[in-house]
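Next come the chains, spelled out residue by residue.
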Amino acid sequence: MQPTRPRLVASDVDGTLLDRHERVSARTRAAVHAIVAAGDVFVLATGRPPRWITPVVEQLGLAPRAVCANGAVLYDSETDRVISAATLGVDELAEIAAVVGALLPGCGLAVERVGESAHDSATPQFVSEPGYEHAWLNPDNTETSAEDVLSAPAVKLLVRQSSMTSGAMAAAITAHVEHLADVTFSTDNGLVELSAPGVTKASGLLEVGRTLGIDAAEMVAFGDMPNDVPMLTAVGHGVAMGNAHPDAIAAADEVTATNADDGVARVVERWWT
């Protein structure tokens, strides 16, 4: 256990903060409120875009700072403001698309974009090429031509191949695109996510810490999937969930209970009660 109380707690959302029914339990909500009541900082660190933060905020009953899109977007959920966004440029998107198309024939492509707020109507935020097969329910999709998908900078490029695992996809493409993008995945259901080089949950979280005057050593972070690994290894104390992917467990300083058994709260309660 980390010997002194951290100043900042960062938690992944799906598979970590939320239970299997995508709910924040009463115990976990109370633990998060105890952090904030003590004057310390709670941050969401997720692959989700800003527009999918609202349901979490409503369940928590407070509006924390959020590291979204695997670190590419810093979002203030209290003021509904996108603070910053790191994007893949049009040239990089085109080059990556050509490479992954050759390595993963038949794969589908989509991008996440952001505007000035979570639901900025001026910016179509999830844009996919025709026939893109979603890995989860996504009512926000704008289907357009393959050329249009790559026609504007994006905070995230999603590559979908439902006949493969995400791990196998990442293994197939990473060495060929790592000079152009950071490759990770948050589900093993045939989806990999690419961000600008060096952009991870760790880079986003460290930027939040910089603005608050909080060092990485003063942070504890919780996660369950490979996209959490950079964050788990960057902070003073990284905690993997009991339901975590083996890569997250290997990277963590500690393994807690599962997301269905209040794994986040069980650790937080050591310092905040």
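Residues numbered from 1 in each chain as written. Predicted model: local features only at pLDDT ≥ 70, side-chain atom pairs only at ≥ 80, totals over all residues. Heavy atoms only, no water.

A.B. asks: I would appreciate a short explanation of the sheet that holds strand β4 (residues 73–76) in the present structure.
C.D. replies: One key point about sheets: their strands pair by backbone hydrogen bonds, in either a parallel or an antiparallel sense. Spatial ordering of the open sheet is given by β5-β4-β3-β2-β1-β12-β13-β14, a layout of 8 strands whose pairing is mixed. The strands lining the two open edges of the sheet, one partner per strand, are β5 (81–85) and β14 (254–255). Inspection of the sheet shows strand β3 (residues 65–68) paired to β4 by 4 bridges, in the antiparallel sense. Pairing of Cys68 across the sheet is with Val73, part of β4. Along the sheet face, helix α7 (residues 201–212) touches β1 (8–11), β2 (41–45), β3, β4 and β12 (219–223) and points at about 150 degrees away from the line of β3. (Pairing = 2+ DSSP bridges. Helix = DSSP H or I, 4+ residues; strand = E, 2+ residues; numbered from the N terminus. Contact = heavy atoms within 4.5 Å. Axes fitted to C-alpha atoms, helices over the stretch in contact; angles between N-to-C directions.)

A.B. asks: Please explain the layout of surface pockets as it appears in this structure.
C.D. replies: Unoccupied space between atoms shows up once a probe the size of one water molecule is rolled over them. Put simply, the largest pocket is a space of about 750 Å³. Looking at the largest pocket, it is lined by 31 residues, and the ones nearest its centre are Asp14, Glu22, Arg48, Trp52 and Trp136. Of the volumes computed, that of the second largest pocket is approximately 220 Å³. Residue lining of the second largest pocket: Val36, Asp40, Val41, Phe42, Leu62, Ala63, Pro64, Arg65, Asp76, Glu78 and Leu212, and that is the complete set. Residues belonging to the lining of the second largest pocket are distributed by class as follows: 7 nonpolar, no polar and 4 charged. (1 Å grid on protein atoms, 1.4 Å probe; cavity = no way out; pocket = protein on both sides within 12 Å on 5 of 7 lines; lining within 4 Å. Points joined across faces, edges and corners; volume = space filled by probe spheres on them. Nonpolar A, V, L, I, M, F, W, Y, C, P; charged D, E, K, R; others polar.)

A.B. asks: Quick question: what am I supposed to make of the pattern of salt bridges here?
C.D. replies: Two side chains bearing opposite charge may form a pair once their charged atoms approach each other closely. Summed over the entire model, instances satisfying the criterion amount to 11 salt bridges. Between Asp12 and Lys201 there is a salt bridge whose closest N-O contact spans 2.9 Å. Within this pair, whereas Asp12 is found in the loop between β1 and α1 (13–17), its partner Lys201 is found in helix α7, the two being separated by 189 residues in sequence. The salt bridge partner of Glu269 is Arg27, with a shortest N-O separation of 2.7 Å. Of this pair, Glu269 sits in the segment after α10 (263–268) while Arg27 sits in helix α2 (residues 26–37), and the two are 242 residues apart along the sequence. Through salt bridges with shared partners, a single ionic network connects Asp12, Lys201 and Asp228. (Salt bridge = Lys/Arg side-chain N within 4 Å of Asp/Glu carboxyl O.)

A.B. asks: Hey, could you run me through helix α4 (residues 90–103) in this one?
C.D. replies: It helps to recall that an α-helix has 3.6 residues per turn; residues three or four apart then point in one direction. With 14 residues, α4 should cover 20 Å at 1.5 Å per step; its first-to-last C-alpha distance of 20 Å lies within 8% of that length. Within α4 the residues assigned to the buried category are Leu93, Ile96, Ala97 and Val100. Down the axis, α4 shows its buried residues gathered within 105 degrees of arc, on one side only. In α4, the exposed positions that point more than 90 degrees away from the buried face belong to Asp91, Ala98 and Ala102. The inward-facing, buried residues of α4 contact β6 (108–112), β9 (156–160), α6 (166–177) and β11 (191–195). (Expected span 1.5 Å × (residues − 1). Buried < 20%, exposed > 50% of the residue type's maximum accessible area, 1.4 Å probe, protein only. Arc of directions from axis to C-beta.)

A.B. asks: Whenever I open this one, the sheet that holds β11 confuses me. Can you help?
C.D. replies: Taken together, the 6 strands give an open sheet; going across it, the order is β8-β7-β6-β9-β11-β10, and neighbouring strands pair in mixed fashion. The sheet is open, and its two edges are formed by β8 (141–143) and β10 (182–184), each paired on a single side. Neighbour-to-neighbour, the strand axes of this sheet turn through a mean angle of 25 degrees, independent of strand direction. Sheet topology note: the strand β7 (residues 126–128)/β8 ladder contains 3 bridges and is parallel. Residue pairing for β8: Phe126 is matched across the bridge by Asn141. Sitting on the sheet, α6 is in contact with β9, β10 and β11, with an inclination near 30 degrees to β11.

These results come straight from atomic positions and should not be treated as a statement about function.
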